[in-house]
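# Per-entry structural report
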Amino acid sequence: MTAVRLAAACLVSLVLLLAGSGVAQAANSPAPPPPPILYTVKPGDTLSTIARDQLGDPGRWREIYRLNRSQIGDDPNILYTGEILILIPGTPRPRVVSTLPPPQASHSGPLPIDTGAASHIKHVFVIMQENHTFDNYFGTYPGADGLPIGASVPIDPARTAGGTVKPYHLSALRTQDLDHSQNSARAAFDGGLMDGFVVTQQHHNLPGSLALGYYNGTDLPYYWYLASNYVLADRFFSSAIGGSLANHQFWVAGLDSNQGETIPAQGIQMTTIFDRLQGAGVSWKFYVKNYDPQLDFRHLDPTNPRDSEVAWVPLLTIPSVVDDPTKRAHIQDLGNLYQDLVDGTAPAVSYIIQGGTSEHPPGHVGNGENATMGIIDSIMRSHAWNDSAIVLTWDDWGGWYDHVVPPQVDREGYGFRVPTLIISPYARKGYILHQTADFTSILKFIERLHGLAPLTTRDQAASDLMAAFDFQQPPRAPSRPQVASAGVVPARGPSAARLLEMYGLVSGLAVLLLLLAGLTERKRRARRRSEL
Amino acid sequence: MASGPFWTDLKAALRRRYGLRKVLESAAGRLIRRATFFVAVGIVLLIAVALRLLNLDRFGFNSDEAVYAGQAAALAGHQDYAQLFGVFRAHPLLVHFIVSLVYRITGVNDVAPRLVSVAFGVGMVAVGGAIGTVMRGRRVGLLTMLIIAVSAYPVMVSRQLLLDGPMAFFFALTLLFLALYVRQPRGLTLYAAACSAGLAFLAKESAILMVPAVLAFFLLARDVPLSLRDFAISAFVYLATIAAFPVSLLVGGGTRVAQEFFVWQLLRRPNHDPTFYLSVVPSVGIPVVALAMVGLVIALRRRQGLDVLIVCLTVVVVAFFELWPVKGFQYLIPLVTPVALLAADGLVSITDSLIRASKHARFSRRLAIASAGLALVATSAVALGIGSSGVIGTPAAAIVATDSDQTGDPSTTPAGYAFTAGTGGLEASRPVGEWIRKNTLSDSEFLTIGPSLANIIQFYGKRRALALSVSPNPLHRNPTYQPVLNADLMLRTNAVQYLVYDSYSAARTPFFARRLMAFVHKYNGILVYADLQPVQQANGTTSYVPIVLIYEVHP
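Residues numbered from 1 in each chain as written. Chains lettered and ligands numbered in written order. Predicted model: local features only at pLDDT ≥ 70, side-chain atom pairs only at ≥ 80, totals over all residues. Heavy atoms only, no water.

### Things to note about the overall build of chain A
Along the backbone of chain A there are 19 helices and 14 strands. Expressed as a percentage of the 532 residues in chain A, the buried residues total 54%. Excluding contacts between residues fewer than 6 apart, the proportion of contacts in chain A whose partners are at least 24 apart in sequence is 78%. Taken as a whole, chain A presents about 22600 Å² of accessible surface, with 58% of it coming from carbon and sulfur. (Helix = DSSP H or I, 4+ residues; strand = E, 2+ residues; numbered from the N terminus. Buried < 20%, exposed > 50% of the residue type's maximum accessible area, 1.4 Å probe, protein only. Contact = heavy atoms within 4.5 Å. Areas by Shrake-Rupley, 256 points an atom, 1.4 Å probe, with all protein chains shown as cover.)

So this is what it looks like as structure tokens:
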């Protein structure tokens, strides 16, 4: 009896203990952050009327625009019925910080020059587009590490019976902008489970299934043409698991500022590849489409449709560049690139940003592709082509799904895979580069060409893209796809062979007849003379 | 006594054993006269050849020449030209066919086709002389040859690869066979005339005008016999010859384009005023035309055999081309032979009248010959002296008029106009083509203002070129030209990489010139090629005017 009572007491205690711990756990768990206040756009709405009706002050339209800039786009006057806008942001989720150390400045000396590359490559052009993953653009490219058969992502990882979303072909070349902040990226990454792509968009009241959409060769014929004729890298990662600013910073400096997507008022001082190039006497320029020289970290203007260039051109956040006219003069409008190519004065290293045609949603990917084709075409038509290497890449995941788990090399990344193409007369034809790389590999490539010291531990350890080239092969002539002349009515006509036969036959018979007539006339005259 | 063939006279003289010296003198005289005649013929032909060959390759092709040569290259099997020039454009293809045979031997160039034209031109000189000899004797024949040889109009036309020169040759050949038929009616001669007329049609379809002229001739010239059998056979020969054109279209798949071309021709707007053909007169030679008037009056009064045909031909051709809205400087070239015949006849008639009127026969004969020679030298000097530049000049209006693709009259003559509309070709065409071949990718595409420069770019540059001004309405354009429905889209999608301005097209179509330049500004156009020519201003200074400008554009 005593044993029974004792056992029962133990059992009750155990139950109470468990319940208590559960209560305690629940009590210790932080309350979920308050959600954002959202608004669904109705017909006839403008930002002013929404601000007036929802926030009580029409002048607060700028706040709404700033919060939703990535979704609305460059023109604040264009709203779509049904669009969901954030009126008041919710408290951000706690930032999930990696326990890995951040990239550090490198103390290594200059890297040895790759003599084979250096003797063949005199011009490096790096074109940075926006916001697409490898699977989003090349997920069905033959031979590449694309979308696996049967791939799917749960709608909500927390609910096992919540259903899944499978990758599907997008029917529109213009889509809504997905959330691609660092928090969303980490949520999608989910410690390597890669199961948060859908749910993180839904948390932002965005269509989560959109993240699983992809394009193929019929949507992006030029990019697929480049892949089949030059080099496609299918293990090229964005450098940071986050958005544009951090990745652009890695692109030029080998690290980010640890400020997220924020540009502090005092700017961000960092050493960039351009400092290395300048010190080594190597020419460089940063070309920006529709460049607005008035914008920099001290002169931000959210109402200016070109305001994003400050984030996309990290040099404009660096005081030592902004305040130095000689350095700032290296940042030029894209139109100068074409003139430089024609004049034969293109610099050794060119970084290129396209602004409005960057393919950043809701931008039209076809427009971006056409604009990129124009740049690459111009390079191919110039004398610089013969000794050039063009790297075409995209800056961050844009909220799209990618199935490859990005290795975590330090606190910041890698981020998800992005499409990257390497185009050069010495690029291997139709080659898929499986070597792990990121934006700092581009830095490494430049450093190996010119014998420069690495900037950080990231580019010091990165691969250098040399495997994409074969400098033993003779340089290839530029190749471009035959663009269907969309605005032309094709000419028609008969076949040449039939024409040749008919005219040949008639001409031959005619000559015979004329000769016959002439000869008989001559004979007749001779006979007449002899009769006289 | 000794008036027959030499051997006959000799035998007679030997049998009768007298007059041998006179036989020999007579034979020698005939031999000398014949040799003199042939030497004179040879000299005239040499003059004709020399005038047509001198500086022949000084300038490159103009638009029409580029098209014809491009088509010939396509027929000769050159695939790069076959992709740029459809084998059917607007005309029958006999000339293209002949040039294609030449290209198979020489390769594609811009000199050999002109040599073909020169050959036809010199041939026309010889045939004209033969006609004159058959009709009125050696003096008229020789003078006819001389007129055609040195008159600026046929010289200019036969120095260019145009269809009209070969057509005029076959025109003349038809006249020759008809002259022979009139002298001695034989079926074979008439069939040969029909065949020649058919070949003239296959050279250029406007030779169909020969048919009503010849029919009118046989109706009016009752002294020229024509049996129903010969008429039927001749008609068959003519139709069988010209059938090569429609049959080749039928079996080759070009009937739709032919129909569209026919409709387009009917609906074309006038490109010159009704007095335009008066500009041809100075090129032929005012004294020549005046003498031809004299010869016409004589022919009308005489009304013998071929006189009627020449009158009918002249009336039909002049009336048709005067009424036809589209006028071209070279269109009246078939009349050169009849006009030369009439002029020669008129000149000989005048000299004969002077001889008869003069009491000193021997002196008068010399006077007549000298007068004839002086008149012809004056004629040629006046005709050849007209023009602005080049060895063989031409009136400015005539330069423009040889571009058959242009339909608008320029309101003013722009600076640099003459450099892109030149006799014997365009000064700008070869340099621009060479630059394009050397400095652009093989699949580059160009957009020009008008089709003239597009044709030149395609021939010399071997790059596809389209023209803004080509109408999208199939009733209002040459059906073998491709209209550009959306130039902006083509530029945005990088389907066109270069925009080309030229002063000639800009003058003719200022609207499309402005549109082209608007695209240059909109799409970051960078000037990559400029052909500038110095022009003397009224105040004595020299300025440079743009002739051809090429912009590389970037969307």
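### With respect to the pattern of salt bridges
Residues and elements named next belong to chain A. If you walk through the whole model with that rule in mind, you get 28 salt bridges over all chains. A salt bridge links E521 to R524, with the nearest nitrogen and oxygen atoms 2.7 Å apart. Within this pair, E521 and its partner R524 are both found in helix α19 (residues 496–531), separated by 3 residues, close to a single helical turn. With respect to class, E521 is no different from R524; both count as buried. (Salt bridge = Lys/Arg side-chain N within 4 Å of Asp/Glu carboxyl O.)

### Quick notes on the sheet that holds strand β1 (residues 445–448) of chain B
With mixed pairing, the 5 strands of this open sheet are ordered in space as β2-β1-β3-β5-β4 (chain B). Edge positions in the sheet fall to β2 (464–467) and β4 (526–536) of chain B, since each of these pairs with one other strand and no more. In this sheet, adjacent strand axes meet at a mean angle of 25 degrees when their direction is disregarded. In this sheet, β2 of chain B lies alongside β1 of chain B in parallel orientation, the contact comprising 4 bridges. Bridging from a neighbouring strand, F446 of chain B pairs with A465 of chain B of β2 of chain B. Strand contacts of helix α15 (residues 334–343) of chain A: β4 and β5 (542–552) of chain B, with the helix running at about 65 degrees to β4 of chain B, the strand carrying the most contacts. (Pairing = 2+ DSSP bridges. Axes fitted to C-alpha atoms, helices over the stretch in contact; angles between N-to-C directions.)

### What to know about the environment of D387 of chain A
Tracing the chain through its elements places D387 of chain A in the loop between α16 (365–381) and β12 (388–394). Once residues lying within four places of it in the same chain are set aside, the contact partners of D387 of chain A are H120, I121, K122, H123 and P425 of chain A.

### A short note on the nonpolar core
Residues I131 and I550 of chain B are the most contacted members of the largest nonpolar core, which totals 153 residues. Take this core: its biggest share by element is 14 residues, from helix α9 (residues 164–183) of chain B. Dropping the residues within four chain positions of it, I131 of chain B is found in contact with A172, L175, L176, A179, L306, T337 and L341 of chain B. Y137, I273, A311 and F416 of chain A belong to the second-largest nonpolar core, a separate cluster that totals 123 residues. (Core = buried A, V, L, I, M, F, W, Y, C linked by side-chain atoms within 4.5 Å.)

### Side note on the confidence of the model for chain B
All names here are of chain B. Looking at chain B, the pLDDT average stands at 81 and 78% of residues meet or exceed 70. Segment residues 385–423 is flagged for pLDDT under 50; beyond a separation of four residues in sequence, or across chains, it makes 103 contacts in the model. In the model output, the complex is listed with pTM 0.77 alongside ipTM 0.72. (pLDDT = per-residue confidence, 0-100.)

### Notes on the packing of aromatic side chains
Aromatic rings in a pair are described by how distant their centres are and how their planes are angled relative to each other. The full count for this structure, using the stated rule, is 43 aromatic pairs over all chains. With centroids separated by 5.2 Å and ring planes inclined at 70 degrees, the aromatic side chains of F169 of chain B and F170 of chain B adopt a geometry described as edge-to-face. Taking 6.2 Å as the distance between ring centres and 75 degrees as the angle between the ring planes, the aromatic pair formed by Y181 of chain B and F218 of chain B counts as edge-to-face. Residue Y181 of chain B is found in helix α9, and its partner F218 of chain B is found in helix α11 (residues 210–220); the two are separated by 37 residues along the sequence. Given the relative accessible area of 2%, Y181 of chain B is considered buried. One aromatic cluster is present, formed by Y137, Y215, Y222, Y223 and W394 of chain A through successive ring pairs. Positioned above the aromatic ring of Y498 of chain B is the side chain of R381 of chain A, whose terminal nitrogen or guanidinium carbon lies 5.3 Å from the ring centre. The cationic tip of R138 of chain B hangs over the ring face of F37 of chain B; the distance from NZ or CZ to the ring centre is 4.8 Å. (Phe/Tyr/Trp six-rings, centres within 6.5 Å; stacked < 30°, edge-to-face > 60°. Lys NZ or Arg CZ within 6 Å of the ring centre and 35° of its normal.)

### Some thoughts on a positive patch on the surface
A cluster of like positive charges, contributed by R522, R525 and R529 of chain A together with R33, R34 and R138 of chain B, occupies part of the molecular surface. Within the residue set of the positive patch, elements represented by two or more residues are α19 of chain A together with α2 (20–53) of chain B. Along the chain, R525 of chain A turns up in helix α19. Look at R525 of chain A and you get partly exposed, because its relative accessible area is 42%. (Patch = residues over 30% accessible without salt bridge, like charges linked within 9 Å, V, L, I, M, F, W, Y side chains within 5 Å. Lys, Arg positive; Asp, Glu negative; His and termini not counted. Charge placed at Lys NZ, Arg CZ, Asp CG, Glu CD.)

### Description of helix α3 (residues 63–75) of chain B
Residue and element names in this part refer to chain B. Relative to the 18 Å expected for 13 residues at 1.5 Å per residue, α3 spans 18 Å between its end C-alpha atoms, a close match to the ideal helical length. The buried fraction of α3 amounts to 13 of the 13 residues, a majority that puts the element mostly inside the structure. N-capping of α3 is provided by N62, with a side-chain oxygen placed 3.3 Å from the backbone N of D64. (Expected span 1.5 Å × (residues − 1). Polar contact = N/O pair within 3.5 Å; in protein donor to acceptor, adjacent residues only side chain to side chain.)

### With respect to unusual backbone geometry
Residues and elements named next belong to chain A. Cis peptide bonds are those with omega within 30 degrees of zero, and the linkage from P361 to P362 qualifies with 5 degrees. Residue placement: P362 occurs in the loop between β11 (349–353) and α16. Across the junction of G413 and Y414, the peptide omega takes the value 25 degrees, indicating a cis bond. Considering the arrangement of structural elements, one finds Y414 in the loop between β12 and β13 (420–423). Non-glycine residue N131 carries a positive phi angle of around 65 degrees. Positionally, N131 belongs in the loop between β3 (123–129) and α6 (134–138). Phi at L465 is positive, roughly 65 degrees, even though this residue is not glycine. With respect to the helices and strands, the residue L465 is situated in the loop between α18 (457–461) and α19.

### Topic: the packing of helix α16 (residues 286–302) of chain B against helix α18 (residues 336–357) of chain B
Residue and element names in this part refer to chain B. Contact geometry for α16 and α18: axes closest at 6 Å, N-to-C directions at 80 degrees. Judged by the angle between their axes, α16 and α18 are roughly perpendicular. Only V339, L342, A343, D345, G346, L347, S349 and I350 of α18 make contact with α16, whose side of the interface consists of V288, L291, A292, V294, G295, L296, I298, A299 and R302. Looking at side-chain class alone, the contact of α16 with α18 contains 12 nonpolar, 3 polar and 2 charged residues. (Parallel < 35°, antiparallel > 145°, perpendicular 65-115°, else oblique. Nonpolar A, V, L, I, M, F, W, Y, C, P; charged D, E, K, R; others polar.)

### As for the sheet that holds strand β14 (residues 431–433) of chain A
All names here are of chain A. The strand order β10-β9-β11-β3-β12-β13-β8-β14 describes an open sheet built from 8 strands, whose pairing is mixed. The outermost strands of the open sheet, each flanked by one partner alone, are β10 (331–333) and β14. For this sheet the average axis-to-axis angle between neighbouring strands, irrespective of direction, equals 20 degrees. Where strand β8 (residues 231–233) lies against β13, 3 bridges are found, and the strand directions are antiparallel. Bridged to L232 within β13 is L421.

### Quick word on helix α25 (residues 510–522) of chain B
Residue and element names in this part refer to chain B. Here α25 contains 13 residues, and its C-alpha end-to-end distance of 18 Å stays within 8% of the 18 Å for a straight helix at 1.5 Å per residue. In this structure, the buried residues of α25 make contact with β1, α23 (487–492), β3 (498–502), α24 (503–508) and β5. Just past α25, the residue N524 takes up positive phi, approximately 50 degrees.

### With respect to the side chain of Q129 of chain A
Residues and elements named next belong to chain A. By the element assignment, Q129 lies in strand β3. What makes Q129 buried here is its relative accessible area of 0%. Among the polar contacts listed, one links the side chain of Q129 to the side chain of Q354, at a separation of 3.1 Å. Excluding anything up to four places from it in sequence, Q129 contacts Y223, Q354, T357, S358, E359, G368, T372, L392, T393, W394 and D395.

### Examining the environment of I547 of chain B
Structurally, the position occupied by I547 of chain B is in strand β5. For the pair I547 of chain B and A232 of chain B, spaced 315 residues apart in sequence, the C-alpha separation works out to 56 Å.

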